[in-house]
Amino acid sequence: MTVLDSIPKYLRCNLCGSTGFTLFLKSSINTSHNSTIYSTTSQAISGEDLISCSLCGLIFVYPMPERKKLISQYKATVEEKYLKEVRARSVTFRKILKHIQMILQNDSTIVVNKRRVKFMDKPLKLLDVGAGAGFLVKEAQIAGFDAYGIEPNKFLASWGQKHLGARILNGSFEEMGMNRSYDLVTFVDVLEHMTDPKAALEKTHKLLKKGGLVVINYPDIKSSLAKIFGKNWWFIVSGHLYYFDRQTIKKMLKVVGFEIISDKKHFQTFSLAYLIRQIGRYDKHMAEKLYEFCLKLKLDKVFITYWAGQRMVVAKKHR
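Now for a look at the structure at hand.

Calculation criteria
Residues numbered from 1 in each chain as written. Predicted model: local features only at pLDDT ≥ 70, side-chain atom pairs only at ≥ 80, totals over all residues. Heavy atoms only, no water. Phe/Tyr/Trp six-rings, centres within 6.5 Å; stacked < 30°, edge-to-face > 60°. Helix = DSSP H or I, 4+ residues; strand = E, 2+ residues; numbered from the N terminus. Buried < 20%, exposed > 50% of the residue type's maximum accessible area, 1.4 Å probe, protein only. Lys NZ or Arg CZ within 6 Å of the ring centre and 35° of its normal. 1 Å grid on protein atoms, 1.4 Å probe; cavity = no way out; pocket = protein on both sides within 12 Å on 5 of 7 lines; lining within 4 Å. Points joined across faces, edges and corners; volume = space filled by probe spheres on them. Nonpolar A, V, L, I, M, F, W, Y, C, P; charged D, E, K, R; others polar.

**Things to note about the packing of aromatic side chains**
Part 1: Counting across every chain of the model gives eleven aromatic pairs.
Part 2: Here the aromatic rings of Phe-21 and Phe-60 are separated by 5.7 Å at their centres, their planes lie at 85 degrees, and the arrangement is edge-to-face. With Phe-21 in strand 1 (residues 21-25) and Phe-60 in strand 3 (residues 59-62), this pair connects stretches of sequence that are 39 residues apart.
Part 3: Here Phe-21 falls in the buried class, since its relative accessible area comes to 12%.
Part 4: The interplanar angle of 85 degrees and the centroid separation of 5.8 Å between the aromatic rings of Phe-173 and Phe-187 together place this pair among those described as edge-to-face. Here the residue Phe-173 occupies a position in the loop between strand 9 (168-170) and strand 10 (182-188), and Phe-187 occupies one in strand 10, the gap between them amounting to 14 residues.
Part 5: Residue classification places Phe-187 among the buried positions, given a relative accessible area of 0%.
Part 6: Here a set of aromatic residues connected by ring pairs shows up, and it is made of Phe-21, Phe-60, Tyr-218, Tyr-242 and Phe-244.
Part 7: We note Arg-180 situated over the ring of Tyr-148; from NZ or CZ to the ring centre the distance is 4.3 Å.
Part 8: Above the plane of the ring of Trp-307 lies Lys-265, whose end atom (NZ or CZ) is 4.2 Å from the centre.

**Quick notes on empty space enclosed by the protein**
Part 1: Taken as a whole and judged by the stated rule, the model has one cavity of 30 Å³ or more.
Part 2: Space inside the largest cavity adds up to approximately 130 Å³.
Part 3: Around the largest cavity, the lining comprises 16 residues; the ones closest to its centre are Ser-27, Ile-45, Glu-48, Leu-50 and Ile-236.
Part 4: Classifying every residue of the lining of the largest cavity by side-chain character gives seven nonpolar, five polar and four charged.

Dropping the structure here:
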């Protein structure tokens, strides 16, 4: 019996609704000893296969985990590892905002003066979904946005509120109310974690004002690095439920009511020590030993900007 034989007849593609699927990638063996499968920093691999929609090509995990299990783990974990890269993460988010500002300059109704961004006489309202500790929210506030975040993890949301003064609501985007409207909604390393990304984008469309923008950063399963590393690609982890490529993200945005106005490779900045620690996916013991050695050499102060197969799209609400 193959994984395709076990797929129930009622399972439908999140993008096009099709019930026909093919096996895209057979899972590697479970190489993780981490009991927390779903968290911001988890590299757990728990035996899920990747299947592809025969009609539209959308790739996702099977079996899909229950949303309640996902949210409960995201809420409860203490994400101290995430906070070890405060400076580096802030650099990445500043670059994202700079790209957004360049796009906004082409809109005659928006005034961009140095780092200050305003819509007519009022600051642009920004919502960061899956805000983590609020680094993007804080950088957006500095840049002049009226910025807010929503984050299910209690530890990270509380840290960001206390140490950054970031306005973060502790909760899930799916359960968030619709009592506010925004000019800009961001999903940085978030959409692939959701059990229903199409519904998340539909909600985003409703939250955005006319002409509003959505920004999505995602790991591209059809990138050259993903093809080279196959099942050992570092972005194939249990926490990633959907694997977009340039075509499927474009199709999903179009169906919901968005038009892509920018599509580019996404470069991240992390310390050299952090990057070395990421080999823990392949050899956890060696990774921790090398990480300790890097700290002694102060390589956590050396920043590296790199591309690992991610893309960032900016799309405009056109209807």
